[in-house]
Amino acid sequence: MHKILAFFSFSLLVVFASAQTPAKKALTPDDFAAWKILQGKQISNNGKVVVFEQNPLKGDGELHIKQGSHSKVISRAYKAKIGSESDFVVFNIKQPLDSLRKAKKDKVAKDKLPKDSLGIFHIKHDEQNTFAKIKSFALPDENANWVAFALEAAKEKPDTTKKEKSIKQAGDDLFLFNPSSGDTLKLKNITEYSWAKKGNALVCIQQTKDSVGTFSAVKKFDVEKGTFSELYTTEGWIKNATLDELGEQCAFLMSNDTIDEKVYSLFLAEKNEDPKEIIGAKMQGLPVGWSPSKNGKIYFSEDALKLFLGTAESPMEEPEDTLLAEDKPKLDIWNWKDLKLQSQQLVEAEKEKKRTYLGVYHINTQSYVQLANLEVNMVSTIQKGNGGIALGYNDAPYKRASSWTGNRLRDYYLIDLETGIKRQVLKSKSYGRLSPHGKYVIWWEPQDSSFYCQSTDINNLAIVALTKKIPVSFYDERNDRPMDEYPFGLAGWSEDDRFVYIYDRYDIWKLDPSGEKVPVCMTKAFGRRNMTRLRYEKLDKELEFIPSGEDIMLNAFDERTMSSGYFSTKLNASKDPVLLLMDNYRFSEIKKAKNADKLIWTKQNAKTFPDVWIGDLNFEHLKRMSDANPQQKDFVWSDVELIEWTSFKGEQLKGLLYKPENLKPDHKYPTVVYFYERSAESMHSHAYPKPSHSTINKTFYNSNNYLVFVPDITYTDGYPGQSAYDAIVSGTQHLINKYKFVDKNNIGLQGQSWGGYQIAWLITRTDLYSAAMAGAPVSNMTSAYGGIRWGSGMSRMFQYEHTQSRIGGTLWDKPLQYIENSPLFYAPRINTPLLIMSNDKDGSVPWYQGIEMFVALRRLDKPVWLLNYNGEDHNLPTKSWANRMDLSKRMFQFFNHYLKGKPAPEWM
């Protein structure tokens, strides 16, 4: 009797508990909009304040400001910046989305739409100041005691007592606001403004007009005095005013030209001196016909001894056009000798119009040196401009061939900043770097897959083979594209260029650029022994070298388990790296407080949203700072399993099987197989519910009782289609054989771009799959080979010969392989219903590739549909919410019909 009563009581408890826990729901597209993402994550310099945006995928977001247990939430705030003294936060505040939608429905002109406001939140006093109609704001990097911001100028009422029409003035109202004292200063008609890095001065340009002309003035705000002073005024135009780091020197461009295409001169105001013209159009050292350009950046070296600027050929006024449009021919001329195709020239035309060439003015000697020219047009300085040499490159000799090789080869030059003399140090290289102090040039030789180094000292030009004799690879051995190997790269240099630190697949090597000392694996081969990739985590972004004798942080990724984390080590350590944190998550976005041993980061896996966490440098005293999506607990979610199998080629491959968390082993589940190339390393990435850009959302499909299988693919040159078949079909057969819950009669395929191509090829070789959705597929490699990537204007040849398409030769060298790998030529074999997305403004895969497949299958009476989202690119952009929702719903309906037997929607 007691046993019966006990059982009865237990049953009641189970029933009661079940009644209290509602069953989890399946996700629907209606749930997408409310899902939140985190953006703009920051930690204050003192490590006490954390700021982040929490924005729904559609709707009004909010800014979170957290200090200890105190939390402030500000609706619709974004683009936040914490003051350098950690005492206030500045941000924009959007208008409510409903207000903007109403204004748009009422057809309010774009420039009349409701404007953002500016918010300044004072952390200590928990007070907020708000200013309407913000245009921009700026804070100095250091000593941020004042906030500068520009507000839309208030419209002045016309003076009816005057006969003359009032003249519309340029610029905005500039405000200087001190959050601590509340002091406020205002200047009208400001066209630009900027802070000195150290925060002790601000410079701005004021422009006014009257019936006589345009007048411009350079004004400087002195933080210590709290006042403005006028540095310079002129009838004319002033642009690009800038200060040195201490705010003591000021430079700007000035022109008195009244025509649209103005020629500018560079002015410099040294400490406590009036501005003087230092570079005009006829400056010695400046190429004939050139002048300082308004499109170039002006900046001082860190030590304030050099002033850098961009120069270009002086603009000329176009002659008056007296012809009618109908009298002028309209054409583009494609010349076989052009370094770039005409299509690429057109894409880059605006950028090339604004191209400038770096020059330097030496303040102490009052001399100018042109560093870049038409050939060596890109120049990189070192030591924040303090260095005496720079590295430039010329890619012109290789531009034409890059259309079909895909290589980015360059000739590299050392440039003396005192004389401008250029000395070629490397020829025909794709990877060249100058050490931080300019003592060495380092480069990569694909011929023997090694790093080499040479001193920049003209008296010591011996070449040192840095990695040639080390018995590990310094490039990705898994790269299966028919192209030159490319290195993993540099971790950095030691102070004074004494050593260089280079990555192999797993570890970091300490190498002597002089060749005197033997190479040392500074991570003691710990990474290789544990199949764990170790990489230097640069926590101080301004540091130009890796500090010796101090603890440095390494991020780690375990290739066996896909777990990640962090280790600590020293450059001269005699022991293995010390474990700080390792777990089955993906850790990312790590940031350190500038003046405190505090970190923030995110961690995620299939079940865990990447919320913000905070802790110390040892990853202790951890605290989660956000809880963006507590509603996740109400929905059926994903679980993920790492799968391994042997492909038809005999290779061991990995893949990911995403399953509903409530999977029933005795139930049969339809499966969608999604793929691109290799994806197993993304095992711990979080797929939050959202409308599709082009691919399925794994979590959404799992929540609706689908399995999603993501196999890795390896390739053999010349046979990309067969390679995909060997990996994907073998993986699918492995799933069918291993898991009884896989419904072998209801398996679909989905992929985008390269994935879309592989789907189109697969269904010409197998009827294993019941339905397939291919986004932006190449269906005919013979027609695609000679096409243009309209987004860049580049020829498509290189990608077939050397990169993703992996044919490994030209169309005329390997015509049969182009045909064999083109699904279109085997269209009669296709029995799988196919849904295609191919958009008419696709800049990567010409949309006629989708059309070629569609019209062929249509003629063959095969079930096929094509979605063309008008005016859209390769992937649907974030702003195209309606189109993304539409694609998500149609793709889901398509698979539900063919894999679950649901009725076909009207559009099908």
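Structure report, in brief.

**Here we look at the overall build of the protein chain**
- When its secondary structure is counted, the protein chain shows 14 helices and 54 strands.
- Taken over the C-alpha trace, the protein chain has a radius of gyration of 31 Å; the compact-globule value for 908 residues is 29 Å, and the two agree within 12%.
- Once the C-alpha set of the protein chain is aligned to its principal axes, its extents read approximately 95 × 75 × 70 Å.
- Residue burial in the protein chain is summarised as follows: out of 908 residues, 52% are buried.
- Of all intrachain contacts in the protein chain linking residues separated by at least 6 positions in sequence, the fraction that spans at least 24 positions is 55%.
- For the protein chain, the accessible area works out to roughly 43,700 Å², and carbon and sulfur atoms hold 50% of it.
- The centroid of the 120 positive side-chain charges in the protein chain is displaced by 5 Å from the centroid of its 113 negative side-chain charges.

**Some thoughts on the nonpolar core**
- Core analysis: the largest hydrophobic core is formed by 52 residues, its most contacted members being Leu749 and Leu834.
- It is helix α8 (residues 720–738) that provides the largest number of residues to this core, a total of 7 residues.
- If we ignore the near neighbours within four places in the chain, the residues touching Leu749 are Val672, Val673, Phe675, Ile759, Leu762, Ile763, Tyr769, Ala771, Ala772, Met773 and Phe895.
- Counting residues in hydrophobic clusters, the runner-up holds 51 residues, among them Phe635, Met683, Met837 and Leu887.

**Concerning the state of the cysteines**
- Taken as a whole, this structure holds 0 disulfides when the rule is applied.
- With no disulfide of its own, Cys250 lies closest to Cys204 among cysteine sulfurs, the gap being 9.7 Å.
- Distance from the sulfur of Cys453, which forms no disulfide, to the nearest cysteine sulfur (Cys521) is 19 Å.
- We classify Cys453 as buried; its relative accessible area is 0%.

**Regarding a negative patch on the surface**
- Together, Asp260, Glu261, Glu317 and Glu318 line one region of the surface with negative charge.
- With respect to the helices and strands, the residue Glu261 is situated in the loop between β17 (250–255) and β18 (265–269).

**Points about the packing of aromatic side chains**
- Enumeration over the complete set of coordinates arrives at 46 aromatic pairs.
- Relative to Phe308, the ring of Tyr299 has its centre 5.0 Å away and its plane inclined at 15°; by these criteria the two rings are stacked.
- Classification of Tyr299 by relative accessible area gives partly exposed; the value is 24%.
- Classification of Phe308 as buried rests on a relative accessible area of 0%.
- Among the aromatic side chains, those forming a connected cluster through ring pairs are Phe32, Phe700, Tyr701, Tyr706, Trp865, Phe892, Phe894, Phe895 and Tyr898.
- For Arg535, the ring lying beneath its charged end belongs to Phe488, and the centroid distance is 5.5 Å.
- In this arrangement the basic side chain of Lys603 is found over the ring face of Tyr585, its NZ or CZ atom lying 4.4 Å from the centre.

**Focus: a nonpolar patch on the surface**
- On the surface, Leu816, Ile819 and Phe825 cluster together to form a nonpolar patch covering roughly 290 Å² of accessible area.
- Relative to the helices and strands, Phe825 resides in the loop between α12 (815–820) and β53 (834–837).

**As for the sheet that holds strand β4 (residues 70–75)**
- Ordered by their spatial adjacency, 4 strands build an open sheet running β1-β2-β3-β4, and the pairing between neighbours is antiparallel. In this open sheet, the two strands that pair with only one neighbour each are β1 (36–43) and β4. With strand direction ignored, the average angle separating the axes of adjacent strands in the sheet is 20°.
- Alignment of strand β3 (residues 62–67) against β4, held across 6 bridges, turns out to be antiparallel. Its bridge partner being in β4, Lys66 is matched across the sheet by Ser71.

**Some thoughts on the side chain of Lys862**
- As for its position among the elements, Lys862 is in the loop between α13 (848–859) and β54 (864–867).
- No salt bridge is formed by the buried Lys862; its nearest oppositely charged neighbour, Asp767, is found at 8.0 Å.
- Of note is the side chain of Lys862, whose polar atom sits 2.8 Å from the backbone oxygen of Ile830.
- Lys862 has contacts with Ala827, Pro828, Ile830, Asn831 and Leu857, leaving out every residue within four places of it along the chain.

**Things to note about a positive patch on the surface**
- Among the surface-exposed residues, Lys58, Arg101, Lys104, Lys105 and Lys110 lie close enough to one another that they form a single positively charged patch.
- Within the fold, Lys104 resides in helix α2 (residues 97–105).

**Examining the pairing of strand β49 (residues 742–752)**
- Counting buried positions over the 11 residues of β49 gives 9, a clear majority of the element.
- Between the parallel elements β49 and strand β50 (residues 771–775), the chain passes through helix α9 (residues 754–762) in a crossover that is right-handed.

**Description of the pattern of salt bridges**
- Enumeration according to the criterion identifies 40 salt bridges in this entry.
- Among the salt bridges present, the one from Asp395 reaches Lys399, with a minimum N-O distance of 3.7 Å.
- We note a salt bridge from Lys427 to Asp411, for which the minimum N-O separation is 3.8 Å. One end of the pair, Lys427, is in strand β28 (residues 422–429); the other, Asp411, is in strand β27 (residues 410–416), with 16 residues separating them in the sequence.
- Note on Asp411: relative accessible area 3%, which makes it buried.
- Through salt bridges with shared partners, one network takes in Asp476, Glu477, Arg478, Arg505, Arg533, Glu559 and Glu681.

**A look at the packing of α8 against α9**
- Where α8 meets α9, the axes come as close as 9 Å, and the angle between the chain directions of the two elements is 85°. Comparing their axes, α9 and α8 come out roughly perpendicular. Contacts from Pro720, Gly721, Gln722, Ala724, Tyr725, Ile728 and Val729 of α8 reach α9 at Trp754, Tyr757, Gln758, Trp761 and Leu762.
- A class-by-class count of the residues in the contact of α8 with α9 yields 9 nonpolar, 3 polar and no charged.

**Overview of the sheet that holds strand β31 (residues 450–455)**
- Taking strand neighbours across the sheet as the criterion, the 4 strands line up as β29-β30-β31-β32 in an open arrangement whose pairing is antiparallel. Single-partner strands in this sheet number two, and they are β29 (432–434) and β32 (463–465). The sheet shows a mean angle of 25° between the axes of neighbouring strands, direction not considered.
- Where β31 and β32 come together, 3 bridges link them in antiparallel fashion.

**Digging into unusual backbone geometry**
- In the Ramachandran plot, Asn143 falls in the positive-phi region, its phi being about 50° despite a non-glycine side chain.
- With respect to the helices, strands and loops of the structure, Asn143 is situated in the loop between β9 (134–138) and β10 (147–151).
- Residue class for Asn143 comes out partly exposed when judged on its relative accessible area of 38%.
- Positive phi, close to 55°, is recorded for Glu589, a residue that is not glycine.
- If you trace the backbone, Glu589 turns up in strand β41 (residues 586–592).

**As for the environment of Ala312**
- Mapped onto the secondary structure, Ala312 falls in strand β22 (residues 306–313).
- Note: C-alpha distance between Ala312 and Lys354 (42 residues apart in sequence) is 8.6 Å.
- Ala312 has contacts with Trp290, Ser291, Ser293, Arg355 and Tyr357, leaving out every residue within four places of it along the chain.

**Quick notes on helix α14 (residues 881–900)**
- With 20 residues, α14 extends 27 Å from end C-alpha to end C-alpha; this agrees with the ideal 28 Å at 1.5 Å per step.
- Regarding α14, the residues found buried are Trp881, Arg884, Met885, Leu887, Ser888, Met891, Phe892, Phe894, Phe895, Asn896 and Leu899.
- Here the buried face of α14 lies against β47 (669–674), α7 (698–703), β49, β50, β53 and β54.
- In the segment just after α14, Gly901 is the residue with positive phi, at about 75°.

**Notes on the side chain of Ser638**
- Looking at where Ser638 falls in the secondary structure, it is placed in strand β45 (residues 638–646).
- Exposure remark for Ser638: the relative accessible area of 1% places this residue in the buried category.
- Of the polar contacts made by the side chain of Ser638, one reaches the side chain of Asn702; its length is 2.6 Å.
- Filtering out sequence-adjacent residues up to four positions away, Ser638 remains in contact with Lys607, Lys659, Lys698, Thr699 and Asn702.

Criteria and cut-off values
Residues numbered from 1 in each chain as written. Predicted model: local features only at pLDDT ≥ 70, side-chain atom pairs only at ≥ 80, totals over all residues. Heavy atoms only, no water. Helix = DSSP H or I, 4+ residues; strand = E, 2+ residues; numbered from the N terminus. Rg over C-alpha atoms; globule rule 2.2 N^0.38 Å. Buried < 20%, exposed > 50% of the residue type's maximum accessible area, 1.4 Å probe, protein only. Contact = heavy atoms within 4.5 Å. Areas by Shrake-Rupley, 256 points an atom, 1.4 Å probe, with all protein chains shown as cover. Lys, Arg positive; Asp, Glu negative; His and termini not counted. Charge placed at Lys NZ, Arg CZ, Asp CG, Glu CD. Core = buried A, V, L, I, M, F, W, Y, C linked by side-chain atoms within 4.5 Å. Disulfide = S-S within 2.5 Å. Patch = residues over 30% accessible without salt bridge, like charges linked within 9 Å, V, L, I, M, F, W, Y side chains within 5 Å. Salt bridge = Lys/Arg side-chain N within 4 Å of Asp/Glu carboxyl O. Phe/Tyr/Trp six-rings, centres within 6.5 Å; stacked < 30°, edge-to-face > 60°. Lys NZ or Arg CZ within 6 Å of the ring centre and 35° of its normal. Pairing = 2+ DSSP bridges. Axes fitted to C-alpha atoms, helices over the stretch in contact; angles between N-to-C directions. Polar contact = N/O pair within 3.5 Å; in protein donor to acceptor, adjacent residues only side chain to side chain. Right-handed = clockwise from strand over helix to strand, strands pointing away. Parallel < 35°, antiparallel > 145°, perpendicular 65-115°, else oblique. Nonpolar A, V, L, I, M, F, W, Y, C, P; charged D, E, K, R; others polar. Expected span 1.5 Å × (residues − 1).

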